[in-house]
Amino acid sequence: MTGITVAGGDISGTVTVTIQQLRDSDTPEAPQLADLLTQLQQAINESTELAAPDKEKALKYLDKIGKLANDQEPDRDVISMAIDGILGIVSKAAKLLAPVQGIADGLRKLLNL
């Protein structure tokens, strides 16, 4: 059990670094993207409905979104698939789905997906 928590903690730390790199970016939408990703990270981490492996998968998708969004020309198709991946995972957690859907919609709008 401890190993799962540590693994989840490691990916959460990686996500935090990715979000900070996005905040440091000079693209105009970077601050808003970073805020949305931070909200998403917090929602996933604080969920009591998601199992540790699901949290880890969702955070990996979130990290992918942050890294791709920081590219000069982000791959919007891959970002969209990562958002869908997160939504698929959190659909297992009834209380988490509505807020995550709202954040996902904000990401799609900001990234013109």
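The paragraphs below set out a description of the structure included in this document. All values derive from a computational prediction rather than experimental measurement.

Our focus in this paragraph is the side chain of Ser12. With respect to the helices and strands, the residue Ser12 is situated in helix α1 (residues 2-23). Given the relative accessible area of 12%, Ser12 is considered buried. The residues touching Ser12, leaving out its near neighbours within four places in the chain, are Gln41, Asn45 and Leu59.

This part is about helix α3 (residues 52-69). With 18 residues, α3 ought to run about 26 Å at 1.5 Å a step, and its terminal C-alpha atoms sit 25 Å apart, in line with that. Within α3, the full set of buried residues consists of Asp54, Lys55, Glu56, Ala58, Leu59, Leu62, Asp63, Ile65, Gly66, Leu68 and Ala69.

Attention now moves to the environment of Leu97. Mapping Leu97 onto the fold places it in helix α5 (residues 94-110). The exposure class assigned to Leu97 is partly exposed, which follows from its relative accessible area of 30%. Distance from Leu97 to Leu87, taken between C-alpha atoms, is 7.2 Å for residues ten residues apart in sequence. Not counting residues up to four positions away in its chain, the partners in contact with Leu97 are Leu87, Val90 and Ser91.

Attention now moves to unusual backbone geometry. Leave glycine aside and you will find that most residues have negative phi; peptide bonds, for their part, are mostly trans. Positive phi, close to 55°, is recorded for Asn112, a residue that is not glycine. By the secondary structure assignment, Asn112 is in the segment after α5. Among the residues examined, Asn112 registers a relative accessible area of 63% and is labelled exposed.

Take the pattern of salt bridges next. Applying the stated criterion across every chain yields a total of five salt bridges. A salt bridge links Glu56 to Lys60; its shortest N-O distance comes to 3.7 Å. Highlighted residues: Glu56 and Lys60, both in helix α3, separated by four residues, approximately one helical turn. Judged by relative accessible area, which is 46%, Lys60 ranks as partly exposed.

Moving on to empty space enclosed by the protein. Inspection of every chain in the model, using the stated rule, returns one cavity of 30 Å³ or more. Volume-wise, the largest cavity comes out at about 30 Å³. Lining the largest cavity, in full, are Leu40, Ile83, Ile86, Leu87, Val100, Ala104 and Leu107. Listed by contribution, the elements that provide at least two residues to the lining of the largest cavity are α4 (76-90) and α5. Each residue belonging to the lining of the largest cavity can be placed in one class, and the counts come to seven nonpolar, no polar and no charged.

Rules used throughout
- Residues numbered from 1 in each chain as written.
- Predicted model: local features only at pLDDT ≥ 70, side-chain atom pairs only at ≥ 80, totals over all residues.
- Heavy atoms only, no water.
- Helix = DSSP H or I, 4+ residues; strand = E, 2+ residues; numbered from the N terminus.
- Buried < 20%, exposed > 50% of the residue type's maximum accessible area, 1.4 Å probe, protein only.
- Contact = heavy atoms within 4.5 Å.
- Expected span 1.5 Å × (residues − 1).
- Salt bridge = Lys/Arg side-chain N within 4 Å of Asp/Glu carboxyl O.
- 1 Å grid on protein atoms, 1.4 Å probe; cavity = no way out; pocket = protein on both sides within 12 Å on 5 of 7 lines; lining within 4 Å.
- Points joined across faces, edges and corners; volume = space filled by probe spheres on them.
- Nonpolar A, V, L, I, M, F, W, Y, C, P; charged D, E, K, R; others polar.

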